[in-house]
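The lines below spell out each chain.
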Amino acid sequence: MQNLITVDEKNKVFHLHNKQISYLFSVEQGATLAHLYFGKRIRQYHGQLKYPRLLRGFSGNLADVLGREFSRDTLPEEYSSAGEMDYRTSATVLYQKNGSNSILLRYKSYEIVAGKPKLNGLPHSLVKDEDEAQTLIVTLEDQLTQVEYQLFYTIFRDLPVISRAVKIINSGEEVVHLRKAASMQIDFGNEDFEAITLPGAHANERHLQRSKIDQGIRVYGSHRGASSHQMNPFLALVRPNTDEFAGDAYGFTFVYSGNHMFELEKDQINQIRLNIGINDFNFDWKLEPNEDFQTPEVLMTYSPNGINQMSQTFHQVIFDHIIRSKFKNKVRPILVNNWEATYFDFNEKKLQTIVDQAKDLGIEMFVLDDGWFGHRDADNSSLGDWFVDQRKFPTGLSHFIDYVHNQGLKFGIWFEPEMISYDSELYKKHPDYLMHVPNRIPNPDRHQYVLDLGRKEVRQNIFDQMVKILDPNQIDYIKWDMNRHISDIYKADLTPDEQGEAYHRYILGLYDLLEKLTTRYPNILFEGCSDGGGRFDAGMAYYTPQIWASDNSDAIARLKIQYGTSLVYPQSLMTSHVSVCPNEQNGRVTPLATRGAVAMWGDLGYELDLTKLNDDEKEEVKKQITLYKQIRKLTQFGTLYRLKSPFNSNQTAWEVVSSDKRDVILTVVNILSSAQPSFTKPKLAGLNPEYDYKNIATNEIIGGDELMDTGIYDEVAHQDFVAKMYHFKAVN
Ligand code: GLA
């Protein structure tokens, strides 16, 4: 087995390395774990990185202990704590019985294990065989409380990726409270970085933001009980001149679907610290003696070749090591979803007309969205009542499912398992199941309330109800929705001093329910959703191999959403639909062809009343479906190259290339037209320069080197919002 972790026992230097990256740290004075380096592979570390000593006023110099010139306030550390005279933001805060949160984490021991240990109850990256990765576990301890922190570092053999997580063990005799527990910390020196993050909003998710880093602390996070539309759990540090294809890019993504926090600090001497973990807002985890707490994991990567390579690595690690579903390698079915076609106003007959039309057009799956259960005619009732509405399906749901299958389509169904409506049987029976603060009126959002999934009996109730629908019916797909964020955070089953556990226990409950259902129904394709892309994260990807990217399916708005999403997540994870015009979210009118081309970036579907399409539109949709069936293996699983960004140009261009580089799709979308357009010349990437490629539409032969270096002139469009797709195949 290849050695991926080298330890210099004498100098206590740890070196994680593979062919692409190195990560180095050592035990410094005072048994402090100090960061040395993360970046391009170092062949062999010779020990030259000795952090300089300097007397700095008001900078935590440890005069009588370790010398005036040694300060933990400036030393790059691996995991800092409150109480050690590092005034920067710390990775952990541990509150003790006497009211103090002062601890001093000192190096104790290390262990190396083959492969990668499992994180119980949490989604995490998996390796199939032990040769694929090695894990270094470094234990730090606070001698007074006897609390241990085990820092887990897993390096992958074939990817420039290291995963990080921390396990905190209370080996002492007193109860302690964890009030902050980052999954990782990394300290860089005085290096010129900018931060890339993915903020957004509902129907406007994951917009790329690139910011200068100033002195002070900046927190990018969510405390909405979900990873959120507003700030995706991702951050990259890049050089000011880093672009898609050149320059350093350090990427970090959190494998977690709840509250998160990326704290970025530039200190007094311009060094950069990044802590990533569960948000400390309302976080307080009680640790009895002998109990432990496992943080979720972070995946971090380094790319010397720009942002695009960082994304490709994330795509690969998420695809190969996070997504588990048996559907992950299967081409995804083209679906039609009845939500925007009917909203709540449907019955079996009406749906059958859509199914008939779908069959005619070549669509492969019908998805029955919200409104099939309880007596739900609007969004103010029936969540929690997962039994079929007999008014809409007088002969039962099975009858309709059979109809769909007999038409040759698969059948999918929508659930929102985490919610409850006041107007529901579930609420009548169990008014205590919803999260609420004693004596306060819970806050409604979309007339709905959040179930306390942290409670076993609540999960069991929902599980049993779902089983009653899923066992007797042949259901091929589930859309798992979550249409509000959590408020009224309080758990009836916890004591007052445990209330700070509520958010995380909710997420652990969610994962438990997802684990049980995905295990029991391996043949169901699960799709995640949270009012669009409100929980688009690697944690959810562990259970759901595809996620609805946004309720906004306007092709032009989707350019930014999909471009941003692609920074971290592979195309097959992202579902993308063609809907009506004017678009229901922003009123924009775009050509049907453009809507199709943009939706083909991910897993294509239709979200409109197919029966209302005119003949020309039907022809166009048929053409899209025929084309997509030919190219989807490539578009869903090919290597992605972003060529032009909607964030800084009037054009967006992306390209997917097959693994043998013989098959290529380039899509270019021109946003606004102009009377005096500049001619644009997309240049492709990732081809084999020695191959000759044929443009399938024109039969023109162009060299791979030409496509990449000279580029090709794009057609001038005399209209707004025009998309053009090019398909090239290698011929030699
Ligand atoms: C959310 C989803 C939509 C649809 C509705 C149904 O908004 O994102 O796609 O399923 O819920 O209520």
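Computed from a prediction, not measured in an experiment: that's the story for all the values here.

Engineer: Any chance you could explain the overall build of the protein here in plain terms?
Structural biologist: A count of helices and strands for the protein gives twelve helices and 38 strands. For a compact globule of 732 residues, the expected C-alpha radius of gyration is about 27 Å, and the protein comes in at 27 Å, within 12% of that figure. Here the C-alpha coordinates of the protein stretch approximately 85 × 70 × 50 Å along the principal axes. Every one of the 732 residues in the protein was classed for burial, and the buried ones make up 63%. Considering only residue pairs separated by 6 or more positions, the protein has 69% of its internal contacts joining residues 24 or more positions apart. Of the accessible surface of the protein, which amounts to about 27,700 Å², a share of 47% is contributed by carbon and sulfur atoms. If you average the places of the 79 positive and of the 98 negative side-chain charges in the protein, the two averages end up 2 Å apart.

Engineer: Would you mind going over the pattern of salt bridges with me for this structure?
Structural biologist: A side chain with one charge can pair with a side chain of the opposite charge if their charged atoms come near. A full pass over the atoms with the stated rule returns 46 salt bridges. Across the pair Glu-498 and Lys-286 runs a salt bridge, and its minimum N-O distance is 4.0 Å. Highlighted residues: Glu-498 in the loop between strand 28 (477–480) and helix 7 (502–520) and Lys-286 in strand 20 (residues 285–287), separated in sequence by 212 residues. For the pair shown, Glu-498 and Lys-286 are each scored as buried. For Arg-332, the salt bridge is made with Asp-603, and the minimal N-O distance between the two is 4.0 Å. Here the residue Arg-332 occupies a position in the loop between helix 1 (306–322) and strand 23 (335–337), and Asp-603 occupies one in strand 32 (residues 603–607), the gap between them amounting to 271 residues. Judged by its relative accessible area of 1%, Arg-332 is buried. In this structure Asp-603 comes out as buried when scored by relative accessible area, which is 2%. It is possible to trace a salt-bridge network through shared partners that takes in Asp-86, Arg-88, Asp-187, Asp-267 and Arg-273.

Engineer: Sorry, what's going on with the packing of helix 3 (residues 348–361) against helix 4 (residues 397–406) here?
Structural biologist: Axis separation between helix 3 and helix 4 bottoms out at 10 Å; the angle between their running directions is 15°. When the axis of helix 3 is compared with that of helix 4, the two are roughly parallel. Helix 3 and helix 4 meet at a crossing whose hand is right-handed. Between helix 3 and helix 4, the contacting residues are Glu-348, Leu-351, Gln-352, Val-355 and Asp-356 on the first element and His-399, Phe-400, Tyr-403 and Val-404 on the second. A per-class count over the contact of helix 3 with helix 4 returns five nonpolar, two polar and two charged.

Engineer: Looking at this structure, I do not really get the sheet that holds strand 2 (residues 13–17). What am I missing?
Structural biologist: As a general point, the strands of a sheet are linked pairwise by backbone hydrogen bonds and lie either parallel or antiparallel. Within the open sheet, the four strands sit side by side as 1-2-3-4. Their pairing is antiparallel. Both edges of this open sheet fall to strand 1 (5–8) and strand 4 (32–40), since each of them pairs with a single strand only. If you compare each strand with its neighbour and ignore which way they point, the axes differ by 15° on average. One ladder, built from eight bridges, connects strand 3 (residues 21–28) with strand 4; its direction is antiparallel. In the sheet register, Ser-26 faces strand 4, and the bridge partner there is Ala-34.

Engineer: Please explain the sheet that holds strand 36 (residues 692–695) as it appears in this structure.
Structural biologist: Across the sheet, which stays open at both edges, the six strands sit in the order 33-34-35-38-36-37 with antiparallel pairing between neighbours. Single-partner strands in this sheet number two, and they are strand 33 (639–644) and strand 37 (701–703). Averaged over all neighbouring strand pairs, the angle between strand axes comes to 25°, with direction disregarded. Relative to strand 35 (residues 663–670), strand 34 (residues 651–657) is paired through seven bridges, and the arrangement is antiparallel. Bridge pairing in strand 35 places Val-656 opposite Ile-665. Sheet strands in contact with helix 10 (residues 592–599) are strand 34, strand 35 and strand 38 (722–730), and its direction is about 50° off that of strand 38. Strands strand 33, strand 34, strand 35 and strand 38 of the sheet are contacted by helix 11 (residues 615–637), whose axis makes an angle of about 95° with strand 35.

Engineer: Would you mind showing me how to read the UniProt feature "active site" (unreviewed entry) in the protein here?
Structural biologist: Under the UniProt annotation, the feature "active site" (unreviewed entry) is placed at Asp-481 and Asp-551. Annotated residues spanning 71 residues; largest pairwise C-alpha distance 11.7 Å, indicating a single compact cluster. Setting aside its immediate chain neighbours within four residues, Asp-481 contacts Trp-414, Phe-415, Glu-416, Pro-417, Glu-418, Cys-529, Ser-530 and Asp-531. Within the structure, Asp-481 has its side chain in polar contact with the side chain of Trp-414 (distance 2.8 Å). Mapped onto the secondary structure, Asp-551 falls in the loop between strand 30 (546–548) and helix 9 (555–565). Classification of Asp-551 by relative accessible area gives buried; the value is 17%. Apart from residues lying up to four places away in sequence, Asp-551 is in contact with His-202, Glu-205, Glu-340, Asp-531, Gly-532 and Gln-585. Looking at Asp-551, its side chain comes within polar contact range of the side chain of His-202, at 3.1 Å.

Engineer: Help me out: how do you make sense of the domain arrangement of the protein in this one?
Structural biologist: How large an interface is tends to be reported as the accessible area lost when its parts come together. Annotation of the protein at the domain level lists domain 1 (5–321), domain 2 (335–634) and domain 3 (644–730). If you average the C-alpha positions of domain 1 and of domain 2, the two centres end up 35 Å apart. Each partner contributes to the interface: domain 1 provides 50 residues, whereas domain 2 provides 45 residues. Between domain 1 and domain 2, roughly 3,800 Å² of surface is buried when both sides are summed, and carbon and sulfur atoms account for 58% of that area. It is Arg-206, Trp-285 and His-315 in domain 1 that bury the most area against domain 2; as a group they hold 17% of the surface buried on that side. The tally of links between domain 1 and domain 2 comes to two salt bridges.

Engineer: Hey, could you run me through the packing of helix 10 against helix 11 in this one?
Structural biologist: Packed helix pairs are characterised by how far apart their axes lie and by the angle those axes make with each other. Taken N-terminus to C-terminus, the directions of helix 10 and helix 11 make an angle of 20°; their axes are 10 Å apart at the nearest point. By the angle between their axes, helix 10 is roughly parallel relative to helix 11. Here the hand of the crossing between helix 10 and helix 11 comes out right-handed. Between helix 10 and helix 11, the contacting residues are Leu-592, Ala-593 and Gly-596 on the first element and Glu-617, Glu-620, Val-621 and Gln-624 on the second. Residue composition of the contact of helix 10 with helix 11, by class: three nonpolar, two polar and two charged.

The rules behind each value
- Residues numbered from 1 in each chain as written.
- Predicted model: local features only at pLDDT ≥ 70, side-chain atom pairs only at ≥ 80, totals over all residues.
- Heavy atoms only, no water.
- Helix = DSSP H or I, 4+ residues; strand = E, 2+ residues; numbered from the N terminus.
- Rg over C-alpha atoms; globule rule 2.2 N^0.38 Å.
- Buried < 20%, exposed > 50% of the residue type's maximum accessible area, 1.4 Å probe, protein only.
- Contact = heavy atoms within 4.5 Å.
- Areas by Shrake-Rupley, 256 points an atom, 1.4 Å probe, with all protein chains shown as cover.
- Lys, Arg positive; Asp, Glu negative; His and termini not counted.
- Charge placed at Lys NZ, Arg CZ, Asp CG, Glu CD.
- Salt bridge = Lys/Arg side-chain N within 4 Å of Asp/Glu carboxyl O.
- Axes fitted to C-alpha atoms, helices over the stretch in contact; angles between N-to-C directions.
- Parallel < 35°, antiparallel > 145°, perpendicular 65-115°, else oblique.
- Left-handed = near helix turned anticlockwise from the far one by under 90°.
- Nonpolar A, V, L, I, M, F, W, Y, C, P; charged D, E, K, R; others polar.
- Pairing = 2+ DSSP bridges.
- UniProt positions renumbered as here; feature names shortened; annotations may be inferred.
- Polar contact = N/O pair within 3.5 Å; in protein donor to acceptor, adjacent residues only side chain to side chain.
- Domains from an automatic or database assignment.
- Buried area = accessible area lost by both parts, 1.4 Å probe.

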